Amino acid sequence: MDIVEVLPQRLHMLRFPIGQAYLWQDGGAVTLIDAGHAGSADAIEGAMRSLGLVPERLERIVLTHCHRDHVGAAGELAARQGAEVAAHRLDAPVIRGELPVPEPVLLDWEIPLYAHGLTTPEAPATRVDRELEDGDVLPFGDGAVVVHAPGHTPGSIGVHLPAHGVLFTGDCVAGVGQVMLGVFNVDRARALDSFRRLAALEPQVACFGHGDPWVTDTAATLRAAADSATAPTG
């Protein structure tokens, strides 16, 4: 796992072989945005210690959606550290193991990528302590606003920190080489609408579920990518 500084003393990306998570610091208190794959709890705690953070100060884990590469270690970390797990109401039953993971409608070129993604260990059923709705404000980052961004999954969310100009997009948006609509969507048209809604927030820093964070001309880049995106069907 690689540790990448995004904002000094505030924000770091934890990059796994597939997918990534983010550590946000408010003094010594820590919020984790997504939680990597199952079995990565030790590595996440080790990353925190390497940054001078105390794992016991992990206060919450915010899950942007229900996929295995984002949920995997959340339950183990929450059990160890007493952290609250939060996810959107529509994805919470999937995360708890009460409903199956919704199947995406794959474009032809996405099929081999999706097969590779399934090599990540399946996430165990994980408790969700707080079910989120659009517009909820979470107590970190001087007010973190939940933005419902359906399409990748029904309960996908973005997390916006207006006071810091930071936006966590989950898998609605990707930054792999370029800013683009994320892949493996259950409803591509809704995902495009969500992309445009997130772009309209005009962040200074965009943190994606896949790909390096975007820190230069971010608002204009997101807006241009969202405006030019289309919804092909094959």
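Anything mentioned here points back to the structure above.
Model, not experiment: these values are computed from the prediction.

Cut-off values and rules
Residues numbered from 1 in each chain as written. Predicted model: local features only at pLDDT ≥ 70, side-chain atom pairs only at ≥ 80, totals over all residues. Heavy atoms only, no water. Axes fitted to C-alpha atoms, helices over the stretch in contact; angles between N-to-C directions. Helix = DSSP H or I, 4+ residues; strand = E, 2+ residues; numbered from the N terminus. Parallel < 35°, antiparallel > 145°, perpendicular 65-115°, else oblique. Contact = heavy atoms within 4.5 Å. Nonpolar A, V, L, I, M, F, W, Y, C, P; charged D, E, K, R; others polar. Pairing = 2+ DSSP bridges. Buried < 20%, exposed > 50% of the residue type's maximum accessible area, 1.4 Å probe, protein only. Polar contact = N/O pair within 3.5 Å; in protein donor to acceptor, adjacent residues only side chain to side chain. Core = buried A, V, L, I, M, F, W, Y, C linked by side-chain atoms within 4.5 Å.

K.L.:
Which parts of the structure should I look at to understand the packing of helix α1 (residues 41-50) against helix α3 (residues 74-81)?
P.N.:
Any two packed helices are characterised by how steeply their axes cross, that is the angle between the axes, and by the distance between the axes. Two elements in contact, α1 and α3, have axes separated by 9 Å at closest approach and are oriented at 60 degrees. The angle between α1 and α3 falls in the class oblique. Together, A41, D42, I44 and E45 of α1 and E76, L77, R80 and Q81 of α3 make up the contact between the two elements. Of the residues that constitute the contact of α1 with α3, the class distribution is 3 nonpolar, 1 polar and 4 charged.

K.L.:
In this structure, what is going on with the sheet that holds strand β3 (residues 20-26)? I would like to understand it.
P.N.:
Think of a sheet as strands paired side by side through backbone hydrogen bonds, with each pair either parallel or antiparallel. Ordered in space as β1-β2-β3-β4-β5-β6-β7, the 7 strands form an open sheet in which the pairing is mixed. Across the chains shown, the open sheet's two edge strands, defined by having one partner strand only, are β1 (2-7) and β7 (130-132). Neighbouring strand axes in the sheet, compared pairwise and without regard to direction, differ in orientation by 25 degrees on average. Bridge count between strand β6 (residues 84-88) and β7: 3 bridges; the pairing is parallel. Residue A86 lies in a different strand from β7, and its bridge partner there is R130. Of the strands in this sheet, β4 (29-33), β5 (58-62) and β6 are in contact with α3, which crosses β5 at around 160 degrees.

K.L.:
Hey, could you run me through the environment of V54 in this one?
P.N.:
In this structure, V54 sits in the loop between α1 and β5. The spacing of V54 and P139 is 85 residues in sequence and 19 Å in space, taken between C-alpha atoms.

K.L.:
Explanation requested: unusual backbone geometry in the structure shown.
P.N.:
Glycine aside, a negative phi is what most residues show, and trans is what most peptide bonds show. Phi at Q9 is positive, roughly 65 degrees, even though this residue is not glycine. The exposed category is assigned to Q9, whose relative accessible area is 66%.

K.L.:
It is not clear to me how the side chain of T126 should be interpreted in this structure. Could you clarify?
P.N.:
With respect to the helices and strands, T126 occurs in the loop between α5 (111-117) and β7. Overall, the relative accessible area of 2% leaves T126 in the buried class. There is a polar contact of 2.9 Å between the side chain of T126 and the backbone oxygen of P124. Contacts of T126, omitting those with residues within four sequence positions, involve V71, A74, G75, I95 and R96.

K.L.:
Where do I start with the nonpolar core in this structure?
P.N.:
Residues L32, L58, I61, L63 and L77 are the most contacted members of the largest nonpolar core, which totals 28 residues. Elements represented by at least two residues in this core include exactly β3, β4, α1, β5, α3, β6 and α4 (92-95). Excluding residues within four positions of it along the chain, L77 makes contact with L32, A41, I44, E45, L58, I61 and G82. Membership of the second largest hydrophobic core comes to 20 residues, among which are I33, I157, V159 and C207.

Everything listed here is a matter of geometry and, on its own, says nothing about what the molecule does.
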